[in-house]
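Chains, contacts and geometry: an overview
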Amino acid sequence: MDNNTSTGKGRIAMAIVALVVCVIAVSASAVTVLTSEEQGQTTFSLRQCTASGLYYLDMTGDDHFAEYKDVGSSDMASFRQFLQDKVTCGEKPRGPIFGNCSVFMTEDSVDGGYLVGRNFDYNYPNTCVVFNSGEGIYSSVSTVDLAMFCDVDESFMNMTQDTRLNAVTYLPLDGINEKGVFIAINSVNNGKAFQQTREGHVGMFVTTALRLALDYADSAEKAVELISDLNLFSPKDFHIFTCDNSGKGYTIEVVGDTTYVTETDLLTNHYLTPAGADTPVSESSRFRFGTLQAAMDENPTMDKTQVRDALASVKQENPDKVHYTRWSVVYDLEDLTATIFLRKNGEMNYEHGDSYDIHDVTC
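Worth saying up front: this structure is predicted, and the values here are computed from it rather than measured.

Of all residues in the protein, 70% attain a pLDDT of 70 or more, and the chain-wide mean is 78. Counting interchain partners and residues more than four positions distant, the pLDDT-below-50 stretch residues 88–98 has 45 contacts. Low pLDDT, under 50, characterises residues 150–159; the stretch is placed with 19 contacts to residues that sit more than four places away or in other chains.

So this is what it looks like as C-alpha cells:
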C-alpha cells in the first residue's frame, strides 16, 4: 500500500451506542438514508441493532484528514477553525476534562497473539464506535465520545447532520487498525496544558495524532515515529499508549517541549518517563496501575474473560458523579476484533458486550 497516495476519501462507518438527540434523531427501528445537499456526495445509512440498542451508521464521503495531516494546526484555535471550515464539530469544540483511564496489553492464553484491555473514565456519556477505511489508509475501528469535544447548543443543533458527524474521525480515544496496531490516549492528572513549538514539525491536536497512527502506522514503532515527529498540543496533559500484535508496547509523553518514549505494557494517569517525576501521582492512578500490574504478574497470559475481569477490577464509580467508567473494551490484536462493555442504567454492564471487528458490528 502506498500511503503517500492517500486521498482521505472512503468509507467511514459509525456505530452510535449512546445516541442523543443533539447528534441525530431516529426511531428505534428506522433505517434512514440522508443525503447532504451541501456536499452532494455524502450519504448516511442508519440502522439499529435491536438486541443491544446500538446504532450503526455508514457514511461515504471525505473527512479531509489527508489534507489536514500535511498542514496540521498550531493550537486549539487553529484546530477549531479547521474543523469549522472543513468538517465542523460545532462552533466550540470542547477541550478534554480532568479524568482517569486505564489500558494494558497481555499475551492471549487461548489463541496466541495479544489482547488489550481499555477503560475510558470520563463524565461524558455519548459513545461512538467509528469504522474507517479508504484509499491509501489502513482500515480501523476506534471509539469516540461525541460530547467530549462538541458543545451541544442551538448553533450545533442547526448544523447539518453530516457536518456534525464528519469531525468524529479526528477525535479517536482508542482503537486498532488492520495491521494490528492499537493506540489510546490517557490523561495525566496534573491539569496542565502543553504545546510543542519545535521548528519544522507539523502541529496536531493529541487525538488527531491517534488518527494519523490508525491511518498510516503498520507497527507500534511506526506509530511512535509518526507521532514523535509532530508538535502536539492540548489544553490538558495527555499521554499516548500504542502496541501491536508483536507484543511491543510504548508510551509517548510530552514534557516541556520534548517527546519521550518508554517501553511499557501498562498505562494509567501518571508519567512513566523520569522527566515527569516531579508531577504528583494521584491515589487513583497509583491504585489502578498497581491492581492491573498485580493481575498481569499473577497471570502472564490471559484470555478475554480475564482481561474483562481485570478491567472491571479498576472500573471507576466515583461519588463525585463526574468520573465514571463509560466503556471497557477488550481488543484482540490478532483477530482484529473488539468487545465493548457499556454503562447502562447507571451501572457498568460486564455481562453482555457488543462485538465488532475493524469493518462491522455484529448485531
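Back to the write-up after that little detour.
Right, let's get into helix 9 (residues 304–313). Listing the buried residues of helix 9 in full gives Val307, Ala310 and Leu311. Around the axis of helix 9, the buried residues are gathered within 100° of arc, so they sit on the same side. Where helix 9 is buried, its residues meet strand 5 (100–108), strand 6 (114–122), helix 8 (283–298), strand 18 (301–302) and strand 19 (324–332).

The next thing to look at is the nonpolar core. Considering soluble globular proteins, one finds that nonpolar side chains tend to be buried as a cluster. Counting residues in each nonpolar core, the largest one holds 69 residues, and the members touching the most others are Phe79, Phe182, Leu232, Ile240, Tyr331 and Tyr356. Considering every element that reaches this core, the biggest residue donor is helix 6 (residues 206–216), with seven residues. Leu292, Ala295, Met302 and Tyr350 belong to the second-largest nonpolar core, a separate cluster that totals 15 residues.

Here we come to helix 8. With 16 residues, helix 8 extends 22 Å from end C-alpha to end C-alpha; this agrees with the ideal 22 Å at 1.5 Å per step. Those residues of helix 8 that fall on the buried side of the exposure criterion are Ser285, Arg288, Leu292, Ala295 and Met296. All buried residues of helix 8 lie within an arc of 105° about the axis, which places them on one face of the element. The exposed residues of helix 8 that point more than 90 degrees off its buried face are Glu283, Arg286, Asp297 and Glu298. On the buried face of helix 8, the contacting elements are strand 5, strand 17 (266–267), strand 18 and helix 9.

Here we come to the sheet that holds strand 11 (residues 194–195). Reading across from one edge, 11-13-12 is the order of the three strands in this open sheet, with mixed pairing throughout. Two strands bound the open sheet, and with one partner strand each, they are strand 11 and strand 12 (203–205). When strand 12 meets strand 13 (residues 231–234), the two strands line up parallel, connected through three bridges. Bridge pairing in strand 13 places phenylalanine 205 opposite phenylalanine 233.

For the coordinates displayed, the defined rule picks out nine aromatic pairs. Both rings, one in tyrosine 68 and one in tyrosine 170, keep their centres 5.6 Å apart while their planes meet at 80°; by these two values the pair is edge-to-face. Of the two residues, tyrosine 68 sits in helix 1 (residues 65–71) while tyrosine 170 sits in the loop between helix 5 (161–166) and strand 9 (174–177), which places them 102 residues apart along the sequence. Overall, the relative accessible area of 0% leaves tyrosine 170 in the buried class. Where phenylalanine 341 meets tyrosine 350, the ring centres are 5.8 Å apart and the plane angle is 40°; that geometry is what we call tilted. Under the relative-accessibility criterion, phenylalanine 341 is labelled buried at 7%. Through pairs of rings, three or more aromatic residues link up here, namely Phe65, Tyr68 and Tyr170. Between lysine 69 and the ring centre of tyrosine 216, over which it is positioned, the NZ or CZ distance is 5.2 Å.

One face of the sheet, then the other: side chains in a regular strand alternate in exactly this way. Counting buried positions along strand 20 (residues 337–344) gives six out of eight residues, so the element sits mostly inside the fold. Inspection of the sheet shows strand 19 paired to strand 20 by six bridges, in the antiparallel sense. Looking at strand 20, one finds that valine 329 is bridged to isoleucine 340. Here strand 19 hands over to strand 20 after four residues, with leucine 336 in that stretch at a positive phi of 60°. Note that strand 20 and strand 22 (residues 354–357) share four bridges and pair antiparallel. Each residue of the ladder has a partner; that of alanine 338, found in strand 22, is tyrosine 356. Summarising the sheet, strand 20 and strand 21 (residues 347–348) pair through two bridges and their orientation is antiparallel. Of the residues in strand 21, the one forming a bridge with lysine 344 is glutamate 347. In this structure, the hairpin formed by strand 20 and strand 21 is closed by a connection of two residues, where asparagine 345 is found at a positive phi of approximately 55°.

Here we come to the packing of helix 6 against helix 7 (residues 220–228). Here helix 6 crosses helix 7 at 140°, and the two axes come no closer than 9 Å. The orientation of helix 6 relative to helix 7 falls into the category oblique. Seen along the crossing, helix 6 lies across helix 7 with a hand that is right-handed. Along the contact surface, helix 6 presents Ala209, Leu212, Ala213 and Tyr216, while helix 7 presents Lys222, Ala223, Leu226 and Ile227.

Moving on, we come to the side chain of aspartate 332. Looking at where aspartate 332 falls in the secondary structure, it is placed in strand 19. Sequence-distant contacts of aspartate 332, defined by excluding residues within four places in its chain, comprise Asp108, Tyr114, Leu115, Ile176, Lys304 and Thr337.

By secondary structure assignment, the location of threonine 208 is in helix 6. One polar contact links the side chain of threonine 208 to the main-chain carbonyl oxygen of phenylalanine 205, over a distance of 2.5 Å. Ignoring sequence-local partners within four residues, the contact set of threonine 208 consists of Phe65, Tyr68, Phe79 and Tyr170.

How each quantity is defined
Residues numbered from 1 in each chain as written. Predicted model: local features only at pLDDT ≥ 70, side-chain atom pairs only at ≥ 80, totals over all residues. Heavy atoms only, no water. pLDDT = per-residue confidence, 0-100. Contact = heavy atoms within 4.5 Å. Buried < 20%, exposed > 50% of the residue type's maximum accessible area, 1.4 Å probe, protein only. Helix = DSSP H or I, 4+ residues; strand = E, 2+ residues; numbered from the N terminus. Arc of directions from axis to C-beta. Core = buried A, V, L, I, M, F, W, Y, C linked by side-chain atoms within 4.5 Å. Expected span 1.5 Å × (residues − 1). Pairing = 2+ DSSP bridges. Phe/Tyr/Trp six-rings, centres within 6.5 Å; stacked < 30°, edge-to-face > 60°. Lys NZ or Arg CZ within 6 Å of the ring centre and 35° of its normal. Axes fitted to C-alpha atoms, helices over the stretch in contact; angles between N-to-C directions. Parallel < 35°, antiparallel > 145°, perpendicular 65-115°, else oblique. Left-handed = near helix turned anticlockwise from the far one by under 90°. Polar contact = N/O pair within 3.5 Å; in protein donor to acceptor, adjacent residues only side chain to side chain.

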